[in-house]
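Each chain, written out:
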Amino acid sequence: MAAAGAEAAAEEEKRLPEGDPESGGDSDDEGDSDSSGDGEDEEKENEAEIQRLEEQLSINAFDYNCHLDLIKLLRQEGELVKLRRARQKMSELFPLTEEIWLDWLKDEIKMASEISEREKVYELFERAVKDYICPEIWLEYAQYSIGGIGQEGGIERVRSIFERALTAVGLHVTKGTALWEAYREFENAILETAQPAPGSIPSPEQQQVLCSQLEKIHTLFRRQLGIPLLDMEASYAEYEEWSEEPIPEATVKNYKKALQQLEKCKPYEEALLGAETPKLAEYQAYIDFEMKAGDPARIQLIYERALAENCLVPDLWARYNQYLDRQLKVKELVLSAHDRAVRNCPWTVGLWIRYLLAMERHRVEHSIISEMFEKALNAGFIQATDYVEIWQAYLDYLRRRVDFTQDSSKELEELRSAFARAVEYLKQEVEERFSESGDPSCTIMQNWARVEARLCNNMQKARELWDNIMTKGNAKYANMWLEYYNLERAHGDTQHCRKALHRAVQCTSDYPEHVCEVLLTLERIEGTLEDWDAAVQKTENRLARVNEQRAKAAEKEAALAKQEEERAEQRKQARAEKKASKKAKKTRAGDKRKADEDDEGEWGQEEELPSKRHRGDSDGVLPEEDMEVETGLFGRSEKPDGPAAPKEKASTSRKDIPKVFHDSSKDKVTVFVSNLSYTMAEPEAKLRELFGSCGEVVEVRAVFNNKGTFRGYCYVQFREEEAAGQALALDRTAVEGRPMFVSPCVDKNKNPDFKVFRYSTTLEKHKLFISGLPFSCTKEELEEVCKAHGNVKDIRLVTNRAGKPKGLAYVEYENEAQASQAVLKMDGLTVKDHVIKVMISNPPLRKLPERPDPSKASLVPPRQIYGARGKGRTQLSMMPRALQRQSNPVAKAENGMVQNSPAASSEPPAEPKKMSNADFAKMLLKK
């Protein structure tokens, strides 16, 4: 009761505002009343914020930043009871950092006066030293324990804590010395109390105690001098001064050896001191160094030091746990590390799987393993496939517990129940959250069927499971049917094998030929004549229908191609008729010169037509007189000198435009700039000013057409290659409302594989992809929404080539933890009446253009070379496009295999028969 009263009094004292009359601040000054009012308003705001944070944590208990904000506010308000409860909840979910633990411990130490309360502080210290290896916490623990030296067994308790501290962090090169010195000071203090009074003669018992205490201090000095620590020389000098006897030769030898080892460690320690957070590369180099040395204690310590500063890096935890699993194999140490790993990175399924395996390896009780698996299910994984993996790991563990020599057992029933629950969980929970189960091939049900067939000899249950698998959209895949067939061959009977293959022939749509072949092989070996005839008839009918469907698909494709060709021909005729009618009107007017000029203007207008020419990489089809003479990123070559007859009617303005030549030898100091506005005034001057910040600009070569219109791209040449590299950083800069593209100057005729894409196309767990944003959403508005869930490093709003927003964005956080929390909170959020979708950035693989097969080059007619700008408008092929198609189109790849046409033959194709004009006429009439 007295402790509770003291706690309440302390709480009330801390909650009293500074201007409260009870605290002696009795004043009627108007300024004091205003400050008091402001304090009350701030207190109300803090209480409202505390309530909001508590509600948010009730929704998502794994919000790390929310826990930190709540603890900070409660400590500021002096709500000690709520503060203790908040810290307790956070410590159950996450390992706490050194700063949080020290604040908590100091607060509890201030309130601990009774012996029972001191014991609770000891328990809190024990929890603190298990989260991370922190020298400061161990030192605080040892010093606090000295305060209880007067209790029974107090001295031995202090020594025990010091010894544990030295085992944990005594090898710390930069911070270990402080612990050794604190331990020696404690033993020296004990020595002083054991000294006899001046002038008195110590008894034999006192002499023995003195000798024993002196030996303890000698031992501490010798142990410390054998470890590579900073300021070893000072410790050695202190030992020389303290000791009345010469230092033993063995101690001197160990000291020199430790000095040599310290010199090897110093470069790594200096690298850590000079590096910026997170120092992963420096720590990895240090770890590799210690791994080569092979001292397990030092390897463990450097891993723990790295994890204390990088506790949210799953790969680092995985490497540490792997080392402990394979090398040390100490149960308490291994399980503690795995537990801290999943508490720091709960979204990483691989760490949970390793934890389950470690617990099974060290024979942890089944109930504890099951409880840990339930925690894993509630960890909030970021992909549907993660849930499939954790379920599979748990099911594997349950299967290894079953004794299949018995017909039935409790473990077997638990395994079957877990399989059923896994299927239902993926169907309900996971599919509701991710819109997919993560297991489209039903791998869990397949494994369940294999267990029933092979280990339980229960083919009936296995068939039921496979029937369920096929009804989930897998009946069209040949590999699924063949998997079931192989199971029936191994553990079933021929009748069910035949039945399965007959169904496969009927349902398979990707590789029916392969399934038909397997059925015929079965009947050839084991079937009767009636079975063989039935199989042949079924396979022939099925392949006939497949060929018919393929033929219809080919005809439909050819018809679409023909329709497209007809529409193109109609557009061509319409343009020609329009042009002819305008020419006729102007010719009747009698002004031939004007008619000629209008004729050229009409062609020029047609050149300006489509935005399609500008939407691509400037490789559209253009009339010959409008060619550029640049050679750069898009593979343009100089225009060859040719007949100038068509140019005699060109206007004076066209003749005044100078040709722009490009020197490919200066590509290293040149950048290619594109996607600029066609209406940009004086592009040379504007771009010279824009790129001047990167370095000295030698020349800006803007490209114009023969009418004098800016084409939207140019070449910027610098004096130094370094300046060209800095200019690439201006890529995607907005210029007159459009994103300017800046890329290296590379001739794609010589480097066809050269690609310019500055963003990652792989999975980035610290980056989010957001869709469904309103087009009016700005970068600042989106940052305001995202920064509430972590530190935002970068935001990129996706735009089209014209600079218009597409409602998409990429948001990069500092680490995976913040990104995963943001996904949970922001997915489905409403922004300006738009519901946004948020997911981890994982762009789909880009489809690369297929390269021609050199082995088939002789079978394909050589492509006609039309020049640098491709095929001109008047260079039309006179053969219908449908006739140019190959008679046997290449089959599409589906489900990982290439489908071969049944009509295909292994023999080389015969040389096509030459066709006369009459043959072509007959063919066209048949159309």
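Cut-off values and rules
- Residues numbered from 1 in each chain as written.
- Predicted model: local features only at pLDDT ≥ 70, side-chain atom pairs only at ≥ 80, totals over all residues.
- Heavy atoms only, no water.
- Core = buried A, V, L, I, M, F, W, Y, C linked by side-chain atoms within 4.5 Å.
- Buried < 20%, exposed > 50% of the residue type's maximum accessible area, 1.4 Å probe, protein only.
- Helix = DSSP H or I, 4+ residues; strand = E, 2+ residues; numbered from the N terminus.
- Contact = heavy atoms within 4.5 Å.
- Pairing = 2+ DSSP bridges.
- Axes fitted to C-alpha atoms, helices over the stretch in contact; angles between N-to-C directions.
- Parallel < 35°, antiparallel > 145°, perpendicular 65-115°, else oblique.
- Left-handed = near helix turned anticlockwise from the far one by under 90°.
- Nonpolar A, V, L, I, M, F, W, Y, C, P; charged D, E, K, R; others polar.
- Arc of directions from axis to C-beta.
- 1 Å grid on protein atoms, 1.4 Å probe; cavity = no way out; pocket = protein on both sides within 12 Å on 5 of 7 lines; lining within 4 Å.
- Points joined across faces, edges and corners; volume = space filled by probe spheres on them.

Caption draft 1: Just the nonpolar core, in detail. Within the largest apolar cluster, 161 residues are counted, with the highest numbers of intra-cluster contacts made by I137, I390 and W391. No other element matches helix α19 (residues 384-401), which puts ten residues into this core. In this structure, F691, C694, V697 and M740 belong to the second largest nonpolar core, which totals 21 residues.

Caption draft 2: Region of interest: the side chain of R298. Following the sequence through the fold, R298 ends up in helix α14 (residues 296-309). Among the residues examined, R298 registers a relative accessible area of 6% and is labelled buried. Residue contacts for R298: discarding those within four places in its chain leaves L171, V173, P228, Q261, C265, Y286 and E290.

Caption draft 3: The pairing of strand β2 (residues 697-704), seen in detail. Pairing between β2 and strand β3 (residues 710-718): six bridges, direction antiparallel. The residue bridging A702 from the neighbouring strand is C714, located in β3. Taking the residues between adjacent antiparallel strands as the criterion, β2 and β3 are bridged by five residues, where G708 takes a positive phi near 95°.

Caption draft 4: How the structure looks around the packing of helix α5 (residues 98-111) against helix α7 (residues 135-146). Relative orientation of the contacting elements α5 and α7 amounts to 15°, with a least axis distance of 10 Å. By the angle class used here, α5 and α7 are roughly parallel. Of the two possible hands of crossing, α5 and α7 adopt the one that is left-handed. Together, E98, W101, L102, L105 and I109 of α5 and E136, I137, E140 and Y144 of α7 make up the contact between the two elements. Looking at the contact of α5 with α7 residue by residue, the class counts come to six nonpolar, no polar and three charged.

Caption draft 5: Structural detail: helix α30 (residues 683-691). When α30 is considered as a whole, its buried residues turn out to be P683, L687 and F691. The arc enclosing the buried residues of α30, seen along the axis, measures out at 45°, which places them on a common side.

Caption draft 6: Representation of empty space enclosed by the protein. On inspection of all chains with the given rule, the structure shows seven cavities of 30 Å³ or more. Contributions of two or more residues to the lining of the largest cavity are made by α13 (280-293) and α14. The element best represented in the lining of the largest cavity is α14, accounting for four residues. Residues that form the lining of the largest cavity fall into these classes: five nonpolar, one polar and three charged.

Caption draft 7: Expanded view of the pairing of strand β6 (residues 764-771). Judged by how many residues are buried, β6 sits mostly within the fold: six of eight residues are covered. Pairing analysis gives five bridges linking β6 to strand β11 (residues 837-841), with the strands arranged antiparallel. Residue E764 lies in a different strand from β11, and its bridge partner there is S841. With five bridges connecting them, β6 and strand β8 (residues 805-813) associate as antiparallel partners. Bridging from a neighbouring strand, K767 pairs with E812 of β8.

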